[in-house]
Amino acid sequence: MVASRSTPQDTGTLVVFGITGDLARKMTFRALYRLEHRRLLPGPVVGMVAPDWDHQRLVERARQSVTEANRAAGEDVDEAVLARLLDRLRTVSGDYGEPDTYLALAKTLGSARRGVFYLAVPPALFATIARRLAEVGLADGSYLMVEKPFGHDLASARALNEQLHEVLAEEQILRVDHFLGKEPLLDVQYLRFANSLFEPVWNRHHIAAVQVTMAENFGVADRGSFYDATGALRDVVQNHLLQLLATMAMDPPSGATDDAVRDQKVDVFRAMPDADPAHYVRGQYRGYLDVDGVAAGSTTETYVALRVDIDNWRWSGVPFFLRAGKSLAARVTEVRVVFHRPPRLAFLGEPTRPEPTQIVLRVDPDPGLQLVVLAKDPARPAPRRVPLELLFGEALGQFDEPYERLLHAALVGDHSLFVREDAVEETWRILAPLVETPPVVEEYEPGSWGPQSADTLLRGLSSWHDPWTAR
Ligand code: BG6
C-alpha cells in the first residue's frame, strides 16, 4: 500500500515508542517538559509501553526522568508544568509486533488519529511498527519520526528505506540526527550567509584545510553491547560529523522551503568521492575490552580519524580531516577552518611564514565562534596568536535544546531539520570503503588524544590543532 501524499493536517498527537528506554529517560521527557513549559505541546502524549507496564508506572517514570534530567542540567522542576505534562500522558501497553496493540492505540487516539509517531527503538523494529500503524489506518497523513542509526551500511539503509516506503511517502519520514537540532549548526548558517565578510573567503582560494573534532572524555559505560556492534564511524561520523561538515561546506540555499538547506547539503555529499581507507585510522582505548557487553577480542573502534574531500569548485584540493573518539583528553566538538598561511614578511619580525588565521565553531560545550588572528606581541616585535571570541549563550541568550527543537519541528510540520533519504544513502556510500575494508585497530591510552598514527594523516599539510577547550 502506498500512503497518501497529502500533507498531514492534524499533528497534535505525539505517540512515543521506546518511552521507557534510556534515551527517553535522559532526553525525551526533559524535552517534553520544556515544550510544556513554553505551552508548545498541542495535544496528548501517548506512551507505548511493554505489557507489564501500566499508566501509573509510566507517570512515575516520567516524573523521575524529568527530575533527574533537570537536576543534571542544574535546574529545578516547576511542579505546575510537570503536572500539566503528566496530565497529557496516555498509556497504551502491548507488544510492538502484535496487531492488537495498534487497535488499542487507535482506540485511545479516537478522532486524533493523525500525529507524530516517534520511534526511539532499535531500527530492527522500524518497519514492523510502520506496517502495523498502516494496517489500522494510522499511517495515513501522519509522520514517522525515527531515531538513529538508520542502517549499518549502504545496503541496509536502502533496504530500510524501501520497507518504510511501502507504507509511507518520503515526506512522512522524519529521520532524526540530534546534531541538526543543535543551535550552533543553525548559528553557523547565519554567520556564513548573513555576513558579507565570510562568504567571499569561504573556498579553496583562501582555506587550506578544515579539521573537525568530536572528542568525548568518557567511555562507552553501560552501552557496551550497542556500541560494540556499532563503533565510532557508524555511531557519530556517518550522521553527526558529516552533517556538520555539510553545514560548513554547503552553498547558500535559495528559497525558504524545507528542502532548501537539505538540497545544498546533499549536493556536498554528492561531490564527495568515496573515502579512501589509506586515509583512515582506527583506535580502541585501553580498557574497552573489559566493558560489559563488549565481545572478547573485539576490534570495534572507539576512535576514528579520516580524511575526506569535496570535488567541487569551492572545495577541490581542500582536505577535510575528521576525528572522533571516546575516552579522550577532553569533551569538545568543534570545526576549525584553517586559512592559507600569509607570506613571510620580514618587517613583522617573523623569520618564517606567520601562522594561519583560523575560524573555530565550537558546537559543545558552551557553543561559540572564535576567530584566531595574529596581533603584535606587546613584549617584542613579533606576532602572537589571539582569539576573538563570541560565546553564543552569553552574547545572544539561552536557546532550545536539540530534542526540544526537533520534537517541536515534527509537531508543527517543519521538516528542514530531519535527514532525507538521499542524504542517508550518500553518506553511507561515501564511507562504504572504510566500512568494508577497515584498517587494524590501534590501542590508545584513555585520556590521550588517540593513536599517534592519526597525525600521519596530516603529514606534509599541517597538524591537528589543539581544540578550543578552555573558556
Ligand atoms: C550519540 C552517540 O548519537 O551522540 C553517542 O550515539 C554520543 O555515542 C552522542 O555520545 C553525543 O551527543 P552529544 O549531543 O552529547 O554531543
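Structure: see above.
Residues numbered from 1 in each chain as written. Predicted model: local features only at pLDDT ≥ 70, side-chain atom pairs only at ≥ 80, totals over all residues. Heavy atoms only, no water.

Student: A description of the sheet that holds strand β13 (residues 368–376) should follow, citing residues and the corresponding values.
Tutor: The strand order across the open sheet built from nine strands is β14-β13-β12-β11-β7-β10-β9-β8-β15, with neighbouring strands paired in mixed fashion. Whereas interior strands pair on both sides, the edge strands pair on one side only; in this sheet they are β14 (383–391) and β15 (441–444). Neighbour to neighbour, the strand axes of the sheet diverge by 20° on average, direction disregarded. In this sheet, strand β10 (residues 320–325) lies alongside strand β7 (residues 207–215) in parallel orientation, the contact comprising six bridges. Looking across to β10, one finds that V210 is bridged to F320. Against the sheet, helix α7 (residues 183–193) contacts β12 (358–364) and β13, and its axis sits at roughly 150° relative to β12. Across the sheet, helix α9 (residues 231–249) touches β7, β8 (280–285), β9 (303–308), β10, β11 (332–339) and β12, and the angle it forms with β10 is around 140°. (Pairing = 2+ DSSP bridges. Helix = DSSP H or I, 4+ residues; strand = E, 2+ residues; numbered from the N terminus. Axes fitted to C-alpha atoms, helices over the stretch in contact; angles between N-to-C directions. Contact = heavy atoms within 4.5 Å.)

Student: Please set out the environment of R405 residue by residue, giving values where relevant.
Tutor: Along the polypeptide, R405 turns up in helix α12 (residues 402–412). Distance from R405 to L35, taken between C-alpha atoms, is 8.8 Å for residues 370 residues apart in sequence. Not counting the four nearest positions on each side in its chain, R405 is found in contact with G181, K182, E183, L186, D400 and L417. A distance of 2.4 Å separates polar atoms of two side chains, one belonging to R405 and the other to E183. (Polar contact = N/O pair within 3.5 Å; in protein donor to acceptor, adjacent residues only side chain to side chain.)

Student: Let's hear about the nonpolar core: which residues, and what values?
Tutor: In this structure, F17, L105, F117, L245 and L306 are the most contacted members of the largest nonpolar core, which totals 105 residues. With 37 residues, the next largest nonpolar core counts Y33, V81, L89 and V176 among its residues. (Core = buried A, V, L, I, M, F, W, Y, C linked by side-chain atoms within 4.5 Å. Buried < 20%, exposed > 50% of the residue type's maximum accessible area, 1.4 Å probe, protein only.)

Student: Which residues make up the site of the ligand, and what values do they have?
Tutor: Neighbouring the ligand are the residues K148, H178, F179, K182, M214, E216, R223, D235, H240, K326, R331 and D364. Taking K148, its side chain carries an N or O atom lying 2.8 Å from an oxygen atom of the ligand. When its residues are assigned to classes, the shell around the ligand shows two nonpolar, two polar and eight charged. (Near = heavy atom within 4 Å. Nonpolar A, V, L, I, M, F, W, Y, C, P; charged D, E, K, R; others polar.)

Student: How would you summarise helix α13 (residues 421–436) if you had to cite specific residues and measurements?
Tutor: Relative to the 22 Å expected for 16 residues at 1.5 Å per residue, α13 spans 21 Å between its end C-alpha atoms, a close match to the ideal helical length. The largest bend in α13 comes to about 45°, at I430, with the proline P433 one to four residues further on. Taking burial as the measure, the 16 residues of α13 include 12 buried ones, the bulk of the element. Along α13, the positions that sit buried rather than exposed are A423, V424, E425, E426, T427, W428, R429, I430, L431, A432, P433 and L434. Here the buried face of α13 lies against α6 (154–165), β6 (173–175), α9, α10 (258–270), β8 and β9. (Expected span 1.5 Å × (residues − 1). Bend = angle between axes of the 7 residues up to and from the residue.)

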